[in-house]
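Report on the structure
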Amino acid sequence: MSDRLYIFDTTLRDGEQVPGCQLNTVEKIQVAKALEQLGVDIIEAGFPISSPGDFNSVVEISKAVTWPTICALTRAVQKDIDCAAEALQYAKHKRIHTGIGTSDSHIKYKFNSTREEIIERAAAAVKYARNKVDEVEFYAEDAGRTENAFLAKVVDEVIKAGATIINIPDTTGYCMPWEYGEKIKYLMEHVDGLQAGRAILSTHCHNDLGMATANTISGVVNGARQVEVTINGIGERAGNTSLEEIAMIIKCHQATMPVTTNINTTKIWPSSRLVSSLMNMPVQPNKAVVGKNAFAHSSGIHQDGVLKNVQTYEIMDPKDVGIDENSIVLTARSGRAALKHRLSVLGVELEQEKLDKTYEAFLRLADKKKELNDDDLLMLAGSEKAENNHVQLESLQVTTGKGVTPIAAIRLKVANEIFEAAGIGNGPVDASIKALKQIIRRQMTLKEMTIQAISKGSDDLCKVHIQVEHDNHIYYGFGSDTDIVTASVEAYIDCINKFKH
């Protein structure tokens, strides 16, 4: 009989550390509710001491979800732990996740300390946290590069101090799969508390060398019974282990894997789309499980095989991850009820006033496009965020073409005053930005720009992501429209609205 593998989702903590992907509290609650429906066991809701926003998010998420454990991150510092305990006061099931670096590199250069002092600090933090909550998880930061014998001593002491979950992070994504698996196996064989069942091991793998999922599976095979993951594999640098990959690996290999999960895999696709939309972070087309090409076949031989028997090239049924081709398209003839139902399926619950505004925007977009898909709907659900912005785009008119110098005329509302300007440039986007800069007279430089179509067709809704440098800071902006130039200007304005006015 397989053991239970606990799914610890850190999309709202580690995942949200991606530059430009920050969510407000309302959006975090949306994601948390989607994770609850997905079947996630533990939700790491934030790092309360880091900011008032993170503190408040942990508080509100604790109120909003019912059965998952809500976890708050801390350093091995008493004030962090006090803050986390306060933020978790409304959680039905609460956990404090505290820890410290254990590699020689962290001990010497980060803490200017010794191995003995690190063990003392680790045990003291766990003991202090255990006086605040019943469930304490300890993380040994940079465990991937920590010598195994010393790591075993740390794990042994924190279990004695009261930790019941021990996180073994490959913080830098450095480990090879067999090395990480051997590390987990070594701990299972050399720590009395693990052998006695007083605690379980958890994986937390980063993807710097593209091995996060492989390392996580290696850890599970060798005894880990919790995995720390994110939706779409988002996270700092190259990201974290993908929840969807772990869930589907276990489902596809259920005959040989030693574990089972509580994940409802049919909720994977809508959860992925929701996180991608709210965080304005595109999913790469060839991303395993949730990329839009994951179930596409362009090779003639592949197409022929799939037509004869789908199992020739597909090891997963698209419906197993929540893809239902017959239910993702709406048109201008669709009513409020259909829109509300489809958004609900995607994990978005709207109050009546917000639903009415979204429906009006839905009809306007439906006049431009014949069919609207899930990504379009998610865009619309978040479109009202711009209503109270300091700078708003009122209108944009562009003249361009072969042999014609691009000219743009722009109309902006800035702090409820209307301003107009015109500009010329090397292309329609350049002309529009130059016109905008005549009104917004600040030194700002476009550093990066990415355009993404979210379905197929010339009437498609496109998403534009940009980075703008202003006052020695990088700001991330996002815009969407059926017109690429308008979407680009909206993204630029999104950056401007994040400047300190």
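Residues numbered from 1 in each chain as written. Predicted model: local features only at pLDDT ≥ 70, side-chain atom pairs only at ≥ 80, totals over all residues. Heavy atoms only, no water.

On to helix α6 (residues 148-161), then. Compared with the 20 Å implied by 1.5 Å per residue over 14 residues, the 20 Å span of α6 between its first and last C-alpha is a close match. Taken together, the buried positions of α6 are F150, L151, A152, V154, V155, D156, V158, I159 and A161. In the core, the buried residues of α6 are packed alongside α4 (104-110), α5 (115-130), β6 (136-141), β7 (165-170), α7 (177-190) and α8 (192-195). Two to three positions downstream of the cap, the backbone nitrogen of A149 sits 3.1 Å from a side-chain oxygen, assigning the N-cap of α6 to E147. Trailing α6 by a residue or two, G162 shows a phi angle of about 125°, which is positive. (Helix = DSSP H or I, 4+ residues; strand = E, 2+ residues; numbered from the N terminus. Expected span 1.5 Å × (residues − 1). Buried < 20%, exposed > 50% of the residue type's maximum accessible area, 1.4 Å probe, protein only. Contact = heavy atoms within 4.5 Å. Polar contact = N/O pair within 3.5 Å; in protein donor to acceptor, adjacent residues only side chain to side chain.)

Strand order in the closed barrel formed by eight strands is β2-β3-β4-β5-β6-β7-β8-β9, with parallel pairing between adjacent strands. Neighbour-to-neighbour, the strand axes of this sheet turn through a mean angle of 25°, independent of strand direction. In the sheet, β6 pairs with β7 via three bridges, with the strands oriented parallel. For F138, the partnering residue across the bridge sits in β7 and is I166. Along the sheet, α5 contacts β5 (94-101) and β6; its crossing angle with β5, the most-contacted strand, is approximately 170°. Across the sheet, α6 is in contact with β6 and β7; its angle to β7 comes to roughly 150°. (Pairing = 2+ DSSP bridges. Axes fitted to C-alpha atoms, helices over the stretch in contact; angles between N-to-C directions.)

It is worth spelling out the sheet that holds strand β12 (residues 404-414) at this point. Read from one edge of the open sheet, three strands run β11-β12-β13, paired in antiparallel fashion. Of all strands in the sheet, those with a lone pairing partner are β11 (391-401) and β13 (417-424), marking the two edges. Each strand axis lies, on average, 10° off the axis of its neighbour in the sheet, ignoring direction. Summarising the sheet, β11 and β12 pair through nine bridges and their orientation is antiparallel. Pairing of T399 across the sheet is with I407, part of β12. Along the sheet, helix α17 (residues 484-496) makes contact with β11 and β12, crossing β11 at roughly 145°.

What follows concerns α5. Between the first and last C-alpha of α5 there are 23 Å, a value that for 16 residues agrees with the 22 Å anticipated at 1.5 Å per step. By the burial criterion, the buried members of α5 are I118, I119, A122, A123, A125, V126 and A129. Burial along α5 is one-sided: seen end-on, the buried residues are contained in an arc of 160°. Set apart from the buried face of α5 by more than 90 degrees, the exposed residues are E116, E120 and K127. (Arc of directions from axis to C-beta.)

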